[in-house]
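Take a look at the letters that make up each chain.
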Amino acid sequence: MSICPKNKTSRGRRDKRRANWKMSATSLVKCSKCGELMLPHRVCKACGSYNKREIVTVD
Ligand SMILES: [Zn+2]
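Residues numbered from 1 in each chain as written. Predicted model: local features only at pLDDT ≥ 70, side-chain atom pairs only at ≥ 80, totals over all residues. Heavy atoms only, no water.

**Let's talk about the overall build of the chain**
Summing up its helical and strand segments, the chain has one helix and four strands in all. Of the regular secondary structure in the chain, the N- to C-terminal order runs α-β-β-β-β. Its C-alpha atoms give the chain a radius of gyration of 20 Å, more than 25% over the compact-globule value 10 Å for 59 residues. Per-residue burial over the chain gives 10% buried out of 59 residues. Within the chain, residue pairs in contact and separated by at least 24 positions form 0% of the contacts whose partners lie at least 6 positions apart. (Helix = DSSP H or I, 4+ residues; strand = E, 2+ residues; numbered from the N terminus. Rg over C-alpha atoms; globule rule 2.2 N^0.38 Å. Buried < 20%, exposed > 50% of the residue type's maximum accessible area, 1.4 Å probe, protein only. Contact = heavy atoms within 4.5 Å.)

Structure, rendered in structure tokens:
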């Protein structure tokens, strides 16, 4: 996209773009410490670790 769009994006084109954005399934990765499925680039909910180190204490 340019800074100054040459043509107006039509309603159909705009809506089609927005309709697709939620389609990709949420990707999950396995925690390197406990093997729990978790969101990538986030602290593990089960053991509180990130990058193989426990940084948050889970009770
Ligand atoms: Zn974990």
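**So, unusual backbone geometry**
Positive phi, normally seen in glycine, also occurs at H41, with a value near 65°. Tracing the sequence through the fold places H41 in the loop between β2 (37–38) and β3 (49–50). Looking at H41, the relative accessible area reads 69%, which means it is exposed.

**Section: a nonpolar patch on the surface**
On the surface, V43, Y50, I55 and V56 cluster together to form a nonpolar patch covering roughly 320 Å² of accessible area. Here V56 shows up in the segment after β4 (53–54). (Patch = residues over 30% accessible without salt bridge, like charges linked within 9 Å, V, L, I, M, F, W, Y side chains within 5 Å. Areas by Shrake-Rupley, 256 points an atom, 1.4 Å probe, with all protein chains shown as cover. Salt bridge = Lys/Arg side-chain N within 4 Å of Asp/Glu carboxyl O.)

**Section: the pattern of salt bridges**
For the structure shown, the criterion picks out one salt bridge. Two residues, R14 and D15, come together in a salt bridge whose shortest N-O distance is 2.9 Å. The exposure class of R14 is partly exposed, given its relative accessible area of 30%.

**Quick notes on the environment of A19**
Mapped onto the fold, A19 is located in helix α1 (residues 11–20). With relative accessibility at 52%, the residue A19 sits in the exposed group. Each C-alpha atom of the pair A19 and I3 lies 23 Å from the other, and the pair is 16 residues apart in sequence.

**Concerning the coordination of the zinc ion**
Around the zinc ion, the protein contributes the donor atoms C31 (SG), C34 (SG), C44 (SG) and C47 (SG), which lie 2.2 to 2.3 Å from the metal centre. In this structure, the zinc ion is surrounded by four donor atoms whose angles at the metal cover 107 to 113°, and the resulting shape is tetrahedral. Linear spacing of the donor residues for the zinc ion on their chain is C-x2-C-x9-C-x2-C. One end of the pair, C34, is in the loop between β1 (29–30) and β2; the other, C47, is in the loop between β2 and β3, and 13 residues separate them in sequence. (Donors = N, O, S within 2.8 Å, 3.2 Å for Na, K, Ca; no water. Tetrahedral: all angles 85-135°; square planar, octahedral: opposite > 155°, others 65-115°.)

What is shown is where atoms sit, not what they do.
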